[in-house]
Amino acid sequence: MIEEVTRQGVPIPADQVDGLLTMAARAPSILNSQPWLFRVGDYAIELFADPHRKLRADLTGREMLISCGAALYGLRLAIRSLGYQPRVQLLPDPDRSALLARVTLGDSEPITDFERQLVEAMPHRHTHRGPFSGQPLPRGLLIGLQHDAVVEHASLALIDRAAAFEQLAGIVARSARSQSADEHARTDARTWARRPGSADRDGVPARAIPAQAGPRPGRLAQRDLDLGRGIGQLSTEGPPPAATAILLTTADTRADWLRAGQALHRLLAHAATQWVFASLHSQPLEQQAVRDLIRSRLGLAGAPQVLLQLGVARIAEATARRPASEVIIPPKMG
Ligand SMILES: Cc1cc2nc3c(=O)[nH]c(=O)nc-3n(C[C@H](O)[C@H](O)[C@H](O)COP(=O)(O)O)c2cc1C
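Because the structure is a prediction, the values reported are computed rather than measured.

Draft legend 1. Quick look at the domain arrangement of the protein. What the domain assignment lists for the protein is domain 1 (2-124 + 320-326) and domain 2 (141-312). In this assembly, 33 residues from domain 1 lie in contact with 31 residues from domain 2. Of all the secondary-structure elements, those providing two or more residues to the side of domain 1 that touches domain 2 are helix 3 (62-81) and helix 4 (113-121). By residue number, the principal contributor to the side of domain 1 that touches domain 2 is helix 3, which donates 11 residues.

In structure tokens:
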């Protein structure tokens, strides 16, 4: 099927496939579930969702698609590093809902300095759940991140008034309390939180799991991945993040979730170029009622997709990924 529709244009360089998929797979994903698969043809790479890796609490697949959108951005950037413009068809076949995007190589155009910085930031970009340095964000960075979101057809609302932050923090804390008893959420934490010493190449490693998930001044409540098992090894004692933001999309369709993922990865990579990292908070948004509440109470001009808290940090430990060979659909399957 992949060959019939795309036997034209620039061939995918066979010796670059591993590198392309490795950069795509460095994307952030919900609890490092890496819910993506790729089919590589001669002229196109197709991105699929892997529903076996969907979280139980992610009833609509929204978080899975945001994650896959992030991988799509990584693939686009990797194609830029080869000197081509990526051409992307989102959701190209309405009869195949797992097929999320078809990517081909377009015009040749050298990578820009900014894109090169993003590529260089990929290895140390990470989700930062621990303490930050306490330094202010580099001047102009937040405006740059807002620009990233807009370029990717999303927007980034800054929660910079104390009253709005308190309102958001209150909603997130109440939702965290109610979700701590939710069986789906508990199953997700047990499935994807890794114990110390685990050699798994997916899931959240123990060293990235906060030892205490409870509220901290200036911080939104974190998802409880420890569940009282004592596996979390990360101390959260120390300075809080410097900024809080919400990634929004105008509508709330599957295409919007893919756009949100692309925007998220782009802005996180941009922040990482200046050693700014984010904690991500999506658990409250797993309940539609909470999404509606956050939207209305904060007067947001769009559907909330991810909550972020950003700060400067000098420690960067990347989490593991499955190798490219494990995310390729073999020919004639899938
Ligand atoms: C859609 C989405 C939702 C996420 N939600 C949370 C969350 O609620 N809590 C959390 O600690 N991390 C969350 N993350 C961050 C992932 O756990 C993280 O990306 C993954 O573990 C890979 O680690 P890395 O970002 O350090 O590479 C989310 C990431 C994505 C893409």
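Draft legend 2. Up close: the pairing of strand 6 (residues 243-249). The buried fraction of strand 6 is high, at seven of seven residues. Because side chains alternate across strand 6, one face comprises the buried residues Ala243, Ala245, Leu247 and Thr249, and the other comprises Thr244, Ile246 and Leu248, equally buried. Direction of pairing for strand 5 (residues 155-158) relative to strand 6: antiparallel, over a ladder of four bridges. Across the sheet, the residue bridging to Ser155 is Leu248, located in strand 6. Relative to strand 8 (residues 303-312), strand 6 runs antiparallel, the two sharing seven bridges. Looking at strand 8, one finds that Thr244 is bridged to Gln309.

Draft legend 3. The site of the ligand, seen in detail. Neighbouring the ligand are 21 residues, the closest being Pro28, Asn32, His126, Thr127 and Ser282. Broken down by element, the shell around the ligand gets its largest block of residues, four residues, from helix 3. Class assignment for the residues of the shell around the ligand results in eight nonpolar, 10 polar and three charged. Both domains that furnish three or more residues to the shell around the ligand are identified here as domain 1 (2-124 + 320-326) and domain 2 (141-312).

Draft legend 4. Focus on the sheet that holds strand 6. Within the open sheet, the four strands sit side by side as 5-6-8-7. Their pairing is antiparallel. A strand with exactly one partner marks an edge of an open sheet, and here the two such strands are strand 5 and strand 7 (276-281). For this sheet, the mean inter-axis angle between neighbouring strands, taken without regard to orientation, is 35°.

Draft legend 5. Expanded view of the environment of Arg39. Tracing the backbone shows Arg39 in strand 1 (residues 36-40). Take Arg39: there are 19 C-beta atoms within 10 Å of it, and that puts it in the partly exposed class. For the pair Arg39 and Arg102, spaced 63 residues apart in sequence, the C-alpha separation works out to 9.4 Å.

Each value, and the rule that gives it
Residues numbered from 1 in each chain as written. Predicted model: local features only at pLDDT ≥ 70, side-chain atom pairs only at ≥ 80, totals over all residues. Domains from an automatic or database assignment. Contact = placed C-beta atoms within 7 Å. Helix = DSSP H or I, 4+ residues; strand = E, 2+ residues; numbered from the N terminus. Buried ≥ 20, exposed ≤ 12 C-beta atoms within 10 Å, placed from the backbone. Pairing = 2+ DSSP bridges. Near = placed C-beta within 6 Å. Nonpolar A, V, L, I, M, F, W, Y, C, P; charged D, E, K, R; others polar. Axes fitted to C-alpha atoms, helices over the stretch in contact; angles between N-to-C directions.

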